[in-house]
Amino acid sequence: MGPADDDIDVLVAGGGNAALVAALTAREAGARVLLLEASPKLWRGGNSQHTRNLRCMHAAPEDVLTEAYPEDEYFDDLLRVTGGRTDEALARLTIRTSAQLRPWMRNHGVRFQRSLGGTLHLARTNAFFLGGGKALLNAYYQAAQRLGVQVLYEAEVEDVEIEGGRFRAAQVRRDGATARVPARAFVAAAGGFESNRAWLREAWGEAAENFLIRGTQFNQGRLLRALLARGAQAIGDPTQCHAVAIDARAPLYDGGIVTRLDCVSLGIVVNRDGQRFYDEGEDFWPKRYAIWGRLVAQQPEQIAFSIIDAKALGRFMPPVFAGCRADSIEELAGTLGLDGGRLRATVDRFNAAVQPGHFDHAVLDDCATAGLSPSKTHWARKLDTPPYFGFPLRPGITFTYLGVKVNARAQVQLADGTTTPNLFAAGEIMAGNVLGQGYLAGIGMTIGTVFGRIAGDGAARAALQPALA
Amino acid sequence: MNALNDLIAAARRQAVAGALADPGAEGARVMGICNSCRYCEGYCAVFPAMERRAEFSRADVDFLANLCHNCGACYYACQYAPPHDFAINVPRALAQVRLENYERFAWPRRLASLYRRQGTAVVFALAFALTLFFALAIALAGPRGLLAAHSGAGSFYAVLPHGLLVAIFGASFLFSLVALAIGAARYWQAIDVPGPNAAPASGAATAQAARDALTLRHLDGGGDGCYVRSGLDFAPTSQRRLLHHLLFYGFLLCFAATSVGTIYHYGFGWQAPYGSLSLPTLLGTLGGLGIVAGTAGLLWLRRIRDEALADPAQAPLDRGLLHLLLWSAASGLLLTLLRASPLMPSLLALHLGFVLALFLLLPYGKFVHGVYRSLALLKHAREARTPNPVGFADS
């Protein structure tokens, strides 16, 4: 498998952002590196394929970033979304290091651009990759080729040997056979388990059958499961995943960014029975889209429908699939497979509860319902202007939170309280250390890049100077 | 859940079914998906222009297609490129729309089929033009005249009289210009439609469009260049842009050489061929070398370029123009070199044959891409000076 077995200093499991950053860093530190990507070449890169930016701390306007985004504000944002489920030391390490990543990324072929059309709210905090995550991955794979990192596709680490508290070898499945690959150090950067339907069912029951996976089909979590079985300390809620409400017509895997639907706050959302179940206007959509995955998952058959009228057109990013269009609520209900009478009744109750106000989608306006449960607290306008449009919604899973605990050197912590000196983790497989729940746009790529750098550097040291490790 | 299954099936037909057969429909499908993603916004003009639209009429697709310079950056960056079910390939989809545009707006319409039969067109044009000049030379100078050495001013016209050449080239060039102008007018009429993106003419927009066209600004993939080999393994390069510059500015130098020669002829009564260090010869030689280097380089790049980026149906179209240019220039250089030898009359007929075939096929070959692209750049420069009419709420 790849170079002669005893030639491998650093073995990297995974082929996304964190894995490549670790591999490049280790290679530049002088290590002989073998990177194993479970997917075929054309699907390489895991969920990094679908990313578009990383969140960076900065003290003043810098290249593609406006104003300033100081450490404390960044940390407060993280505290807010995680509800305190974060390791402050690792979080602050991530945040501080995030300020220094872009020059390294540029040196390895990544290019940046200002925030994309429709993402002005991220212009201050997030540096966008020109062309998105796949362009970043292509640049990193080319750098790997240039520097002499060995890359194997369709090679998946299924198990690891940990002996005397140290990593010894990996069991790697390739071409239908399993081989033992020893290495002096190991970086686990193979993502979470969100594409593993059986595992999702353990946490979510039958509902998991109706989940769509927004990213790669190759995040099966085999390495994560192996590490936990071999004694790694778990971190992050094993029953939780980041899920957003996406268009139910999205492909099962890799629907990515285009399947998001931004019209929820402009209309009402009903379930299979034609009933509303949550305040669609609670807050700005970018701040609320993440809770809607769970909300829809809790509805019968994990399905819901966003319904808008003609007044909403042109006020949200164009959806990838056109909405179902009808000239009456009853006709729309028929197309969506809902009971026309019930939907009519729900819309009538909603319309009757809408209070006069001044509609402004750019602020938390005063258009709300009165005497309705659940209420709609902003942007409530009567659904009375045909044509009407309906969009089916499903939970779309972005990533899972369960991971392995690491220290500030990215070394995996074992459940018995010891540290593995030559076993490292980076990316989604350890993101739960920093992001125990919730999500902050662009922080996944930040965690992956920060810990990829730390893990790659540490792995090279552990392999080349074992006495110091 | 039968209704949902129907919806999913309909969505698959709309977006997931892979490339559509009709170029216009496929262009609209691709742009619709791109408009929900926008990751490629920084690569070229196509994506900012796309973001000024919420849906894509035929006029929009025709406009956007000709803005695309086929640099390939968006294809390798695309998370929805094959093997994804969405099968997004913007460079190829828009190339197919461009070919359809060339055909739809061609004048006279009956010659529109030449784009797809470019090999046949080149063969017949060349056969006609070469036969014409060899036959004329033999008829006028006699079979021996074809192998006789001539020297001094007016020696070309001893083989083929100046007035005759002016008549043949004047007529064919005029016809080509009219055909190109009518195609251009038809295209402009098709894309410059009333609506939220109708924008007024302005000198600044025209200057911007001219700069963008003359510098091939959008053939640089947002700064790094244009792809030849697969972007999965190779970085973009500036090769195509440089070679195209050599070709295009070489072509302009040759045009300048002819113009100076015309002034010499009519203004001063000086007859071709001119001395080795004369302005027309220097301009022509330099231009000819540029065309030879540019076309040979582009032909070579075509051989190694990732096939995914091109419309396979257009290979003869690309090669046809490149070969006509290459052999026009090469035969011209050879003629300059050997004009005092007995080979001169044959080389002259050969060179004129290639040039006439090139002129005849200007409106019915790849050359038209420059006309359509310049107009698309002009429209883009104009509308980019007005606020985006599709200002979505931030999300």
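A brief structural summary. (Residues numbered from 1 in each chain as written. Chains lettered and ligands numbered in written order. Predicted model: local features only at pLDDT ≥ 70, side-chain atom pairs only at ≥ 80, totals over all residues.)

1. What to know about the overall build of chain A
Then, in step 1: On a plain count of helices and strands, chain A comes out with eleven helices and 20 strands.
Then, in step 2: Taken over the C-alpha trace, chain A has a radius of gyration of 24 Å; the compact-globule value for 469 residues is 23 Å, and the two agree within 12%.
Then, in step 3: With the C-alpha coordinates aligned to their principal axes, the bounding extent of chain A is approximately 75 × 50 × 40 Å.
Then, in step 4: Sorting the 469 residues of chain A into buried and exposed places 58% on the buried side.
Then, in step 5: Residue pairs at least 24 apart in sequence account for 74% of intrachain contacts in chain A once pairs closer than 6 positions are excluded. (Helix = DSSP H or I, 4+ residues; strand = E, 2+ residues; numbered from the N terminus. Rg over C-alpha atoms; globule rule 2.2 N^0.38 Å. Buried ≥ 20, exposed ≤ 12 C-beta atoms within 10 Å, placed from the backbone. Contact = placed C-beta atoms within 7 Å.)

2. Here we look at the sheet that holds strand S19 (residues 411-413) of chain A
Within a sheet, adjacent strands bond to each other through the backbone by hydrogen bonds, running parallel or antiparallel.
All names here are of chain A.
Then, in step 1: Strands sit in the order S6-S2-S1-S10-S20-S19 across an open sheet of six strands; the sheet is mixed. Of all strands in the sheet, those bounded by a partner on one side alone are strand S6 (150-152) and S19. Mean inter-strand twist for the sheet, computed between neighbouring axes without regard to direction, equals 30°.
Then, in step 2: When strand S1 (residues 10-13) meets strand S2 (residues 33-36), the two strands line up parallel, connected through four bridges. For Val 12, the partnering residue across the bridge sits in S2 and is Leu 35.
Then, in step 3: Sheet contacts for helix H1 (residues 17-28): S1, S2 and strand S10 (185-188); angle to S2, the most-contacted strand, approximately 170°. (Pairing = 2+ DSSP bridges. Axes fitted to C-alpha atoms, helices over the stretch in contact; angles between N-to-C directions.)

3. Some words on the nonpolar core
Then, in step 1: Counting 259 residues, the largest nonpolar core has Val 10, Val 12, Ala 22, Val 187, Ala 189, Ala 425 and Ala 459 of chain A as the members making the most contacts within it.
Then, in step 2: At 13 residues, the largest contribution of residues to this core is made by helix H14 (residues 344-361) of chain B.
Then, in step 3: Every residue in contact with Ala 22 of chain A, bar those within four places of it in the chain, is listed here: Val 12, Val 187, Ala 189, Ala 426, Gly 452, Ala 455, Gly 456 and Ala 459 of chain A. (Core = buried A, V, L, I, M, F, W, Y, C linked by C-beta atoms within 7 Å.)

4. Brief notes about helix H5 (residues 133-147) of chain A
Then, in step 1: An ideal rise of 1.5 Å per residue puts 21 Å on 15 residues; H5 of chain A measures up with 21 Å between its terminal C-alpha atoms.
Then, in step 2: Counting buried positions along H5 of chain A yields eleven of 15 residues, so the element is predominantly enclosed.
Then, in step 3: Within the sequence span of H5 of chain A, burial applies to Gly 133, Lys 134, Ala 135, Leu 136, Leu 137, Asn 138, Ala 139, Tyr 140, Tyr 141, Ala 143 and Ala 144 of chain A.
Then, in step 4: Contact partners of the buried residues in H5 of chain A: H1, S2, strand S5 (126-129) and S6 of chain A together with helix H5 (73-77) of chain B.
Then, in step 5: Gly 148 of chain A lies just past H5 of chain A and shows a positive phi near 90°. (Expected span 1.5 Å × (residues − 1).)

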